[in-house]
Amino acid sequence: QRQKKRTFEHIKRGLDPYSEWDQLEKLGDGAFGDVFKVRNKVRRDYAAAKVIELGNEEEMEEHYNEIAILAKINHPSIVKLVDGIFYEKKLWILIEYCEGGALDDIMEKLDHGLNEEQIQLVSRQTLEALNYCHSIGVIHRDLKAGNILLMKDGSVKLTDFGVSALNDNVEQMRETFIGTPYWMAPEVIMCETRNTDPYTYSADVWSFGITIIELVEIEPPNNDLNPQRVLMKIARSNPPTLQDAKSFSAAMNSFLALCLKKAPLERAKCVDLLQHSWLQDLGNNKPLRQLLAEARAEVLTE
Ligand SMILES: COc1ccc(Nc2ncnc(-c3cccnc3Nc3cc(NC(=O)c4cccc(C(F)(F)F)c4)ccc3C)n2)cc1
């Protein structure tokens, strides 16, 4: 019988995006298409728009997963879906615009890492976002400073540019496997849990620990090795620690050790880490507003 056109919830059809949005500067060119800063003609608010050229309806299925995840997610520390539009063979995914950009870009611009107070604030909010994802069955799979954005007020937003949180088909897994493995947990590399999906919630916790080291040292451990070499290094070595551990509190070092247990079953869960002394009684996001002001080379008068 006639192939029934699948209707996709959250996606508007037949609406010309340019009738509602002005396209501004390019923010990045993702694996699947370009990303632009856009401004709503009526509301005047900004969004980030990923525009994906679709060859056929099948490809819509593949990208629809991302929209379905974003639509179901409702958390203060995760980017929100603003709109999904399919128009003239292009899929537009619009999410809230994060003024400050990604933490890896900020560290590259400043040429230094974050201080302990800033890392506590980023860790608390990222962990709350990660705990929420896990509670609704979403595994991120690509946690790193490049996927943590800052809003103008210094608050943290978890994103996934690499669209690996949706990675449920094999070829993408292969490319992720050979991709940038610096943040990859040992069991994912050794596929020890061969019978089940090597990515589990605990793999996200390992990547979160590596991300904390990245926030201190600008790069993840072993970034001097090429991707092939680092796979074996991670699988064989003891968990990494901070190079200058003594410059940071005992609480931070103990928190890090809990994230970087090699055995997944021994590794801490998000809920346990959220109870850890290192993440209690944190102040407001002013230290992250100061980081943004520094990156914009502005004086923060507050
Ligand atoms: C270079 O300077 C800047 C300055 C500001 C920004 N701000 C910004 N704000 C919001 N998004 C973006 C962005 C940049 C490049 C690529 N994608 C971006 N956002 C985006 C993310 C997504 N998808 C997700 O974030 C996502 C997908 C699946 C799962 C998840 C999660 F697991 F985190 F919930 C998140 C879809 C569409 C877009 C446009 N960029 C970026 C660079």
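Refer to the structure above for everything that follows.
Since this is a predicted model, take the numbers as computed values, not measurements.

Here we come to the nonpolar core. Core analysis: the largest hydrophobic core is formed by 79 residues, its most contacted members being Leu91, Leu103, Leu114 and Phe255. Per element, the largest residue contribution to this core is 9 residues, and it comes from helix α7 (residues 201-217). Apart from residues no more than four positions distant in its own chain, Leu91 is found in contact with Ile11, Lys50, Val51, Ile52, Leu54, Met60, His63, Ile67, Ile85 and Phe86. Counting 9 residues, the second largest nonpolar core, distinct from the first, contains Phe36, Val38, Ala49 and Leu94.

The next subject is the site of the ligand. Neighbouring the ligand are 24 residues, the closest being Glu66, Ile73, Cys98, Asp160 and Phe161. One of the side-chain nitrogen or oxygen atoms of Glu66 is found 2.7 Å away from a nitrogen atom of the ligand. Within the backbone of Asp160, one N or O atom sits 3.0 Å away from an oxygen atom of the ligand. Expressed as a share of its isolated accessible area of 820 Å², the protein-covered part of the ligand is 89%. Within the shell around the ligand, the residues separate by chemical class into 17 nonpolar, 3 polar and 4 charged.

Attention now goes to the sheet that holds strand β8 (residues 148-150). Pairing is antiparallel across the open sheet formed by 3 strands, whose spatial order is β7-β8-β9. Of all strands in the sheet, those bounded by a partner on one side alone are β7 (101-102) and β9 (156-158). In this structure, β8 lies alongside β9, joined through 3 bridges in antiparallel fashion. In the strand pairing of β9, Leu149 is matched with Lys157.

A turn of α-helix holds 3.6 residues, and therefore any two residues three or four places apart point the same way. Look at helix α2 (residues 57-72): 22 Å from first C-alpha to last across 16 residues, which is about the 22 Å you get at 1.5 Å a residue. Remark: the principal bend of α2, roughly 35 degrees, maps to His63. By the burial criterion, the buried members of α2 are Met60, His63, Tyr64, Glu66, Ile67, Ile69 and Leu70. Taken together, the buried residues of α2 touch β1 (12-13), β4 (46-53), β5 (81-87) and β6 (90-96). If you check the start of α2, you find a side-chain oxygen 2.9 Å away from the backbone N of Glu59, and it comes from Asn56.

Thresholds, definitions, all that
Residues numbered from 1 in each chain as written. Predicted model: local features only at pLDDT ≥ 70, side-chain atom pairs only at ≥ 80, totals over all residues. Heavy atoms only, no water. Core = buried A, V, L, I, M, F, W, Y, C linked by side-chain atoms within 4.5 Å. Buried < 20%, exposed > 50% of the residue type's maximum accessible area, 1.4 Å probe, protein only. Helix = DSSP H or I, 4+ residues; strand = E, 2+ residues; numbered from the N terminus. Contact = heavy atoms within 4.5 Å. Near = heavy atom within 4 Å. Polar contact = N/O pair within 3.5 Å; in protein donor to acceptor, adjacent residues only side chain to side chain. Areas by Shrake-Rupley, 256 points an atom, 1.4 Å probe, with all protein chains shown as cover. Nonpolar A, V, L, I, M, F, W, Y, C, P; charged D, E, K, R; others polar. Pairing = 2+ DSSP bridges. Expected span 1.5 Å × (residues − 1). Bend = angle between axes of the 7 residues up to and from the residue.

Geometry only, nothing functional implied.
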